[in-house]
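Below, each chain spelled out in residue letters.
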Amino acid sequence: SVLKNPKISLQLPDGAVSLDNNNDMQVIEQNLDDMAPGVLVKKTFKIAFIRDDQTSEKINVNFSYLPETLNTRFEKDQSIEVFVDQPSIDMSLVTPQRVFNRENFQINVNYKNISDFNFDSARLQLVYPDNFTFKSASLNPDSGNAVWNLGELAPGASSTIAINGSLQGADQSFSEIKSQLFVTLDGKEYLINEKNASLGIASSPLSLSVSVNNNPSYVADINDFLTYQIKYRNNTDVGLSDVILKVNLTGEMFDFSSLQSTGFFDSVNNAITWNAGNNPQFKVLAPGTEGTLSFQIRTKAAYPIKRMFDKNYSLKLQAEINSPTVPYNVSSDKTVGLANLETKVMGRSEITASLVYVSGAFPVKANQPTVYEVHWQIKNYSTDITNVKVSSFLQSGVKWLNVTKSDIDAAPVYDDRTGQVSWAIDKILATKGVISNPLEAVFQVEMTPNITQAGQQAPVLNETSLTATDDFTGASLSAKTDVLKTVEIVAQ
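An account of the accompanying structure is given in this report. Per chain, residue numbering runs from 1 following the sequence as it is written. Side-chain atom pairs in this predicted model are given and counted only at pLDDT of 80 or more, local residue features only at pLDDT of at least 70, and totals for whole chains, interfaces and linings cover all residues. As a convention, hydrogens and water are excluded, and side-chain values are obtained from all of the structure's heavy atoms.

**Some thoughts on the overall build of the protein chain**
Then, number 1: When you go through the protein chain residue by residue, the secondary structure sums to 0 helices and 37 strands.
Then, number 2: The C-alpha atoms of the protein chain give a radius of gyration of 38 Å, which is well past the 23 Å a tight globule of 492 residues would have.
Then, number 3: Considered along the principal axes of its C-alpha atoms, the protein chain spans approximately 120 × 90 × 30 Å.
Then, number 4: Residue exposure (1.4 Å probe, protein chains only): buried if accessible area is under 20% of the type maximum, exposed if over 50%, otherwise partly exposed. Counting across all 492 residues of the protein chain, residues that qualify as buried make up 42%.
Then, number 5: Two residues qualify as a contact provided that any one of their heavy atoms is within 4.5 Å of a heavy atom in the partner residue. A sequence separation of at least 24 residues applies to 73% of the contacts in the protein chain between residues at least 6 apart. Secondary structure elements are defined from DSSP: runs of H or I of at least 4 residues count as helices, runs of E of at least 2 residues count as strands, and each element is numbered from the N terminus. With C-alpha atoms as the basis for the radius of gyration, the globule rule is written as 2.2 Å multiplied by the number of residues raised to the power 0.38.

**What about the environment of alanine 410?**
Then, number 1: Mapped onto the elements of the fold, alanine 410 is located in the loop between β30 (398–406) and β31 (413–415).
Then, number 2: For alanine 410, the contacting residues outside a window of four places in its chain are Trp423 and Ala424.

**Notes on the sheet that holds strand β25 (residues 314–323)**
Where strands meet in a sheet, backbone hydrogen bonds hold them as pairs that are either parallel or antiparallel.
Then, number 1: Taken in spatial order, the 5 strands make up an open sheet running β21-β22-β19-β25-β26, and their pairing is antiparallel. Each edge of the open sheet is held by one strand with a lone partner, namely β21 (264–266) and β26 (335–344). Taking the axes of each pair of neighbouring strands and ignoring which way they run, one obtains an average angle of 15° across the sheet. Two strands form a pair only when DSSP identifies at least two bridges running between them. Working convention: axes come from line fits to C-alpha atoms, limited for helices to the stretch in contact. Angles between N-to-C directions cover 0 to 180 degrees.

**A word on unusual backbone geometry**
Then, number 1: Of note, the amide linkage connecting phenylalanine 362 to proline 363 takes the cis form, showing an omega dihedral of 5°.
Then, number 2: Backbone geometry places asparagine 213, a non-glycine residue, at a positive phi of 50°.
Then, number 3: Here asparagine 213 lies in the loop between β16 (206–212) and β17 (225–234).
Then, number 4: The backbone of asparagine 223 shows a phi angle near 55°, a positive value even though the residue is not glycine.
Then, number 5: Within the element layout of this structure, asparagine 223 appears in the loop between β16 and β17.

**Focus on a nonpolar patch on the surface**
Then, number 1: A contiguous nonpolar surface patch, about 360 Å² in accessible area, is contributed by Met308, Phe309 and Ile435.
Then, number 2: By the secondary structure assignment, isoleucine 435 is in the loop between β32 (420–428) and β33 (439–447). Patch criteria: residues need more than 30% relative accessible area and no salt bridge. Like-charged residues are merged within 9 Å; nonpolar side chains of Val, Leu, Ile, Met, Phe, Trp and Tyr are merged within 5 Å. Surface exposure here means Shrake-Rupley accessible area, sampled with a 1.4 Å probe, where a residue is shielded only by the protein chains that are shown. We define a salt bridge as a contact between a side-chain nitrogen of Lys or Arg and a carboxyl oxygen of Asp or Glu at a distance within 4 Å.

**So, the packing of aromatic side chains**
Then, number 1: Any two of the Phe, Tyr and Trp rings considered here, Trp counted by its six-membered ring, make a pair once their centres fall within 6.5 Å; the pair's planes then place it as stacked at under 30 degrees, edge-to-face at over 60, or tilted in between. Inspection of every chain in the model, using the stated rule, returns 17 aromatic pairs.
Then, number 2: Measuring from centroid to centroid gives 5.7 Å for phenylalanine 63 and tyrosine 65, while their planes differ by 35°, and the two rings are tilted.
Then, number 3: A centroid spacing of 5.1 Å and a plane angle of 10° characterise the contact between tryptophan 400 and tyrosine 414, whose relative ring orientation is stacked. Taken together, the residues span a long stretch of sequence, with tryptophan 400 in strand β30 and tyrosine 414 in strand β31 at a distance of 14 residues.
Then, number 4: With relative accessibility at 28%, the residue tyrosine 414 sits in the partly exposed group.
Then, number 5: Three or more aromatic residues joined by ring pairs form one cluster here, namely Tyr228, Phe254, Phe256, Phe265 and Phe295.
Then, number 6: Note on criteria: charge over ring means Lys NZ or Arg CZ within 6 Å of the ring centre, with the direction from the centre no more than 35 degrees off the ring normal. Over the ring of phenylalanine 182 we find arginine 123; its NZ or CZ atom is 4.3 Å from the centre of that ring.
Then, number 7: Lying over the aromatic face of phenylalanine 472, lysine 344 brings its terminal NZ or CZ to 4.7 Å of the ring centre.

**Considering the sheet that holds strand β9 (residues 105–113)**
Then, number 1: Spatially, 4 strands are ordered β7-β9-β13-β11 in an open sheet, and the strand pairing comes out antiparallel. Of all strands in the sheet, those bounded by a partner on one side alone are β7 (89–94) and β11 (132–137). The average angle at which neighbouring strand axes cross in this sheet is 25°, direction not considered.
Then, number 2: Bridge analysis of β7 against β9 gives 6 bridges, and the strand direction is antiparallel. Of the residues in β9, the one forming a bridge with serine 92 is asparagine 110.

Printed below as a string of structure tokens:
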């Protein structure tokens, strides 16, 4: 009988694409013409596997139709196992395992078309780490310094591209470089091969390390006294002559007028330099010799806040030590050691508390009530703060009146069992109260002093404390006010 409305569909595994319909759908369907008895239909589908090499993949095929005399659709399924070998274009990325800081080294990218397919257009792209400096290549890149259009790659075609460059970073740090090979199939580009290589920066022949106040994770404060220590060592088996150590300081919170150092200070560029003139050891730094140099500097006594976004201050130090002497196993024009250090400056918050007369006895008299407003104001400086908690306790003779207001949704609340007044704030942005109005909360209390307080200033509210977390540094911040007192009590 005639087969009505026949349809054939292919279910592709992940990593396979159809080259017929130029889309990324995993199911390919085709409707066929009605098939008379004895008719043979052959359909060809072009498929490419673009990832997951060295795996076995399954392609499922489904054929369905309506018999001429029935309304029930019949189906027939079949599958085929396909072994996916290595990528059609073989590629290798060859790099040294370890390099010295700023030392020139070579990266080789080898590629070869090992298939019997002719690729019309191929493209090689390298992804360099941020601390890589490109210097040259055996074949000039077609875009920037990392893209080569390889053009047509016939079966068996192969070549090598050599890239020269250098890495700059801390000793014992690692960076990753990546090579990617793309081909265009039926107008669409696919990544078909990718290689990664890890590059390690070996301990420099001339090593350098920096610390501040003997704490690797030190957080500075305003008006803070900082002692920087710079340690150096000749790790080679030759004497390094005419050594120069230079330190550059960057940061608005440095008080450069307070700097104390045995090095030469350039206040135009904020740089300190040591050489054989002020450190005789640098004339020839013998093999294995190490030493320490230091300098002292203060942070400013106030934050230089002028705009809303003046926040998150940090102190940066970049140090470089170098010598024109080059050990035999280093391919460079000089021996160099580098070290960087960034120290964050914590923020600061202030809280004030004040009393405002509202009604009742004035002057304040013993055994007579007086109503006050308590005003809490918060000023926050250079960092955003979170989990802000303000609290205090009402004193003897003081009653909560449950009248509150605040600049934000959260207002002070009172615990009548403990006498504590508290104000919880999720977050306060930097510079709030510095270049804008302070954050404020107000609540009313009634004070009735007793006769024993006559002639004295009676306490209304105990010390108010503020605690918070500095979002920038992670440090805990705190502030306090004095006890709030009335004017002198007069006898009734």
